[in-house]
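Here is how the chains run, residue by residue.
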Amino acid sequence: MARTVKVCISSFLENMNHEFPNSDITISRRGYKVDGDLGIKYTCNYMEYKSVDYFKVVDGEHFTLIEFSDLIAQNKQLETRMTKIKASDLEPDEKRRLRKSLNNTINRELVSKFKDSIFILGKLKEDLDNIPLKFDEKPKYLIVVAPFDSYLGDTDKIDIARFLEMLKDKVTQAIPTKIFSRVIINSLDQCKFLANVNE
C-alpha cells in the first residue's frame, strides 16, 4: 500500500559509509541510503526484500546500485567450511552437494540483492517524491570490496583478483541483461570516484 504522505527521496541522501572496520578510507560522495536503519527499505516497509546499500547517480550520468561487501573475508570463511566438509565422514555425493551449495552462496546473495533492489526501484514512486529521472535507466551494479590486506603476497593477490573476476562473470550471467548495463567488482581503494568530492 502506498504511503498517504510521500517522503522526499533527498531525505535519504547521505555520505556513503562502507563499514569496512579495517579501512580508514573516507568516502566523500553521497548516495541514497537503501539498506539499514532509516534507509529507503526500512522507511517504506520493504524489509522483506534484500537490497544494495545505496542508489547513486555517478557524475550526473550513470545510475549505479552500490553494494559494499567484504567478499574476500566471506570467501575465506566458505573455503574453511568446504575444507571441513572435504575432511568429514559424509558420503561423497553429500560432500559434493554441500560444497557446490557453499560455492554459490556469495553469487546467489549478490544476485538476490540486485534483483530485489530493482523491484524496490519499481515501487519507489508509490512512496517517495522527487525521484531522479536517471532512476528509470538501466543501472550499473558496483560491488565494492574491502582493500586487500597489505601483508598479502603477489600470489595471494592474483588468487583474489581471479576469484573476483570469476564472481563478476557469474553475477553478470545470472542477471537478465534487460535490467542492468554492467557489473563491476572493485576494491575500495581502487574506486577513485568514491573519494572525489564532486557530486
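Residues numbered from 1 in each chain as written. Predicted model: local features only at pLDDT ≥ 70, side-chain atom pairs only at ≥ 80, totals over all residues. Heavy atoms only, no water.

Caption draft 1: Structural detail: the packing of helix α2 (residues 71–86) against helix α5 (residues 154–174). Viewed as axis vectors pointing N to C, α2 and α5 meet at an angle of 95°, and their least axial separation amounts to 11 Å. It follows that α2 is roughly perpendicular to α5 by the angle criterion. Within the contact between the two elements, α2 uses Leu-71, Ile-72 and Asn-75 and α5 uses Ile-160, Phe-163, Leu-164 and Leu-167. Looking at the contact of α2 with α5 residue by residue, the class counts come to 6 nonpolar, 1 polar and no charged. (Axes fitted to C-alpha atoms, helices over the stretch in contact; angles between N-to-C directions. Helix = DSSP H or I, 4+ residues; strand = E, 2+ residues; numbered from the N terminus. Parallel < 35°, antiparallel > 145°, perpendicular 65-115°, else oblique. Contact = heavy atoms within 4.5 Å. Nonpolar A, V, L, I, M, F, W, Y, C, P; charged D, E, K, R; others polar.)

Caption draft 2: Main features of the sheet that holds strand β2 (residues 13–15). Spatially, 6 strands are ordered β2-β3-β4-β5-β7-β8 in an open sheet, and the strand pairing comes out mixed. Both outer strands of the open sheet, β2 and β8 (182–187), are each paired with one neighbouring strand and no more. Ignoring strand direction, the axes of neighbouring strands in this sheet form an average angle of 35°. Sheet topology note: the strand β3 (residues 30–33)/strand β4 (residues 54–58) ladder contains 2 bridges and is antiparallel. Paired with Tyr-32 across the bridge in β4 is Phe-55. Strands β4, β5 (62–68) and β7 (140–145) of the sheet are contacted by helix α4 (residues 105–127), whose axis makes an angle of about 130° with β5. Of the strands in this sheet, β7 and β8 are in contact with α5, which crosses β8 at around 155°. (Pairing = 2+ DSSP bridges.)

Caption draft 3: The nonpolar core, seen in detail. Counting 39 residues, the largest nonpolar core has Ile-40, Phe-55, Leu-124, Phe-135 and Tyr-141 as its most contacted members. Elements with a contribution of two residues or more to this core: β4, β5, α2, α4, β7, α5 and β8. Of the residues forming this core, the biggest block, 7 residues, is contributed by α4. The residues contacting Ile-40, other than those within four sequence positions of it, are Ile-9, Phe-12, Tyr-32, Lys-33, Val-34, Tyr-46, Phe-55, Leu-124 and Leu-128. In this structure, Met-16, Phe-20, Tyr-54 and Leu-194 belong to the second largest nonpolar core, which totals 13 residues. (Core = buried A, V, L, I, M, F, W, Y, C linked by side-chain atoms within 4.5 Å. Buried < 20%, exposed > 50% of the residue type's maximum accessible area, 1.4 Å probe, protein only.)

Caption draft 4: Local environment of the packing of α4 against α5. Relative orientation of the contacting elements α4 and α5 amounts to 45°, with a least axis distance of 10 Å. Taken as axis vectors, α4 and α5 run oblique relative to one another. Note that α4 runs across α5; the crossing there is right-handed. Here α4 contributes Ile-106, Asn-107, Leu-110, Val-111 and Lys-115 to the contact with α5, which in turn contributes Phe-163, Leu-167, Lys-170, Val-171 and Ala-174. By residue class, the composition of the contact of α4 with α5 is 7 nonpolar, 1 polar and 2 charged. (Left-handed = near helix turned anticlockwise from the far one by under 90°.)

None of this, on its own, says anything about what the molecule does.
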